[in-house]
Amino acid sequence: MNERMTFDRDYLAEAQTLLAHDERFPEGAVVPPIYQTSLFTFADYSEMADTFAGRSTQPIYSRGNNPTVMEFEAKVAALEGAEAARGFSSGMAAISATVLAFVGAGERIVAVRNCYGDAYRLFERFLPRMNIKVDYVDGSDIDAVAAALPGAKLLYLESPTSMMFELQDIETLAALARQQGIVTTIDNSYATPVFQKPILHGVDLVLHSASKYLGGHSDTVAGIVAGSEDNIRRINEQTYSYLGAKLSPFEAWLLLRGLRTLPLRLPQHMKSGLTIAERLKCHAQVERVNHPAWSNHPGKKTLAGYAGLFSFEATEDTDIPAFVDALKLFKIGVSWGGHESLVVPAKASLEQTPGTNSMARFNVSPRTIRFNVGLENVEDLWADIAQAFEKSRK
Ligand SMILES: Cc1ncc(COP(=O)(O)O)c(C=O)c1O
């Protein structure tokens, strides 16, 4: 198995200096101040007029721009190799504002199946009100995507997907979309720009739930989208200000603090995740492990590493509720990307959501269990899993 791909550029090395080094902040502070202010006043009439006319970049009001938030946006843009980025109060705010900025009433989206649950629910429950249709495709199948694309406005990718870990060849798909004038977006929350930089492969807009690895400490809910100046301006003008789901300065400050250790955390999540995934593969109560490390799909070529999130299918002779309940270090919870290990049984989380049938629709086995491997000692984590298997064998 190729634990870490060889790339022309060392994303991890680049991120280390980028995230640990800052220009000088006011008074020589090494950490940016939290601009906990709703508005910014002007010295005189002409300064106000210049700012409103776009001749000055002075912030006006924190629903638009705030210097602490801008610091976070600049870091993520630089990490992603993007010209610009826009922070949001949640990953879902970033996703909905981005989609709605590029797709109008009566238009169509092509999305990968098994995309994040609330993105799916946005597509299934909210967008139909605007007569926006979403076609789901097996994103790992280039022909299936190519067949669905003609006439679409937006291609929505998530590689790998965050429950089944299906990969997409993002370079080929983005090129196909571009030929037809279709905007490509990707949810890059799993890989982060330390392990995947979709913009370098032709993707137009990169979305993140910053609540995951970017923040990394399970203390913040936030989102961000990165892309070209033109595309981010379009989001600003079409949806960002009016939907109003802005990122708060304190959350941005927490995210900047979390980001500084991203290049340290991610390799550790990868190492522990791979150790546990490899042992699960050999365990008698495991049918299969869904981890991109063992995929032969070409979508793997843009991944410089793997995060600590993956799923597996337990055998018929495993009582899944008993397994989940027996775990002590893995807490039962839906988010991921933080310091703590978490477990999600797919059946309890996906099937029980009223009005959603994504499990049946997209062929997710009810025996699927997802692990977020945290930063605890990996042998402690494995001992926890081993005892839970024993207690849950029928
Ligand atoms: C893959 C993925 N994308 C997007 C989101 C949404 O992000 P948020 O919870 O920050 O709105 C999540 C949240 O769990 C997620 O797992």
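In this report, we go over the structure that sits alongside the text.

Calculation rules
Residues numbered from 1 in each chain as written. Predicted model: local features only at pLDDT ≥ 70, side-chain atom pairs only at ≥ 80, totals over all residues. Heavy atoms only, no water. Helix = DSSP H or I, 4+ residues; strand = E, 2+ residues; numbered from the N terminus. Rg over C-alpha atoms; globule rule 2.2 N^0.38 Å. Contact = heavy atoms within 4.5 Å. Areas by Shrake-Rupley, 256 points an atom, 1.4 Å probe, with all protein chains shown as cover. Lys, Arg positive; Asp, Glu negative; His and termini not counted. Charge placed at Lys NZ, Arg CZ, Asp CG, Glu CD. Near = heavy atom within 4 Å. Polar contact = N/O pair within 3.5 Å; in protein donor to acceptor, adjacent residues only side chain to side chain. Buried < 20%, exposed > 50% of the residue type's maximum accessible area, 1.4 Å probe, protein only. Pairing = 2+ DSSP bridges. Salt bridge = Lys/Arg side-chain N within 4 Å of Asp/Glu carboxyl O. Expected span 1.5 Å × (residues − 1). Bend = angle between axes of the 7 residues up to and from the residue.

1. Examining the overall build of the protein
What the protein contains, in helices and strands, is 15 helices and twelve strands. The C-alpha atoms of the protein give a radius of gyration of 21 Å, which matches the 21 Å a tight globule of 394 residues would have. Overall, the protein is about 75 × 50 × 45 Å in size when its C-alpha atoms are taken along their principal axes. Pairs at least 24 residues apart make up 75% of the contacts formed inside the protein by residues separated by at least 6 positions. As displayed, the protein offers around 16800 Å² of accessible surface, 51% of which is attributable to carbon and sulfur atoms. One way to put it: in the protein the 38 positive side-chain charges average out to a point 3 Å from where the 46 negative ones average out.

2. Points about the site of the ligand
In the vicinity of the ligand there are 14 residues, among which Gly-91, Met-92, Asp-187, Ser-211 and Lys-212 approach most closely. Here Tyr-116 contributes a side-chain N or O atom positioned 3.4 Å from an oxygen atom of the ligand. Interatomic distance of 2.6 Å between a side-chain N/O atom of Ser-211 and an oxygen atom of the ligand. Summarising the interface, the protein chains cover 90% of the accessible area of the ligand, which totals 390 Å² for the free molecule. Here the shell around the ligand gets three residues from one element, more than from any other, and that element is helix 4 (residues 91–102).

3. Structural notes on the pairing of strand 6 (residues 205–209)
Among the five residues of strand 6, five are classified as buried, and the element is accordingly described as predominantly covered. Burial along strand 6 is two-sided: Leu-205, Leu-207 and Ser-209 facing one way and Val-206 and His-208 facing the other are all buried. Here strand 5 (residues 183–187) runs beside strand 6; their pairing, made up of three bridges, is parallel. Each residue of the ladder has a partner; that of Thr-185, found in strand 6, is Leu-205. Here four bridges tie strand 6 to strand 7 (residues 223–227), and the two strands are oriented antiparallel to one another.

4. A closer look at the pattern of salt bridges
Across all of its chains, the model carries 15 salt bridges by this definition. For the salt bridge of Asp-138 with Arg-113, the shortest nitrogen-to-oxygen distance reads 3.7 Å. Note that Asp-138 is positioned in the loop between strand 3 (133–137) and helix 6 (142–148) and Arg-113 in the loop between strand 2 (108–112) and helix 5 (117–126), a separation of 25 residues in sequence. Accessibility expressed as a relative area gives 24% for Asp-138, which makes it partly exposed. You can call Arg-113 partly exposed: its relative accessible area is 24%.

5. Some words on unusual backbone geometry
Leaving glycine out, the prevailing phi sign among residues is negative, and the prevailing peptide bond configuration is trans. Here Ser-159 and Pro-160 are connected by a cis peptide whose omega angle stands at 0 degrees. Among the secondary structure elements, Pro-160 is positioned in the loop between strand 4 (154–158) and helix 7 (170–179). In this structure, Phe-165 takes a positive phi of about 65 degrees despite not being glycine. Of note, Phe-165 is situated in the loop between strand 4 and helix 7. Since its relative accessible area comes to 5%, Phe-165 is described here as buried. The phi dihedral of Thr-192 is positive, around 60 degrees, even though this residue is not glycine. Within the secondary structure, Thr-192 sits in helix 8 (residues 192–195). Judged by its relative accessible area of 1%, Thr-192 falls in the buried class.

6. What to know about helix 9 (residues 229–243)
Spanning 15 residues, helix 9 covers 20 Å between terminal C-alpha atoms, matching the ideal 21 Å at 1.5 Å per step. For helix 9, the principal kink sits at Asn-236 and spans about 50 degrees. Among all positions in helix 9, only Asn-231, Ile-232, Ile-235, Thr-239 and Tyr-240 are buried. Contacts made by the buried residues of helix 9 are with strand 1 (84–88), helix 4, strand 6 and strand 7. Where helix 9 ends, the next residue or the one after it, Gly-244, has phi of about 75 degrees, a positive value.

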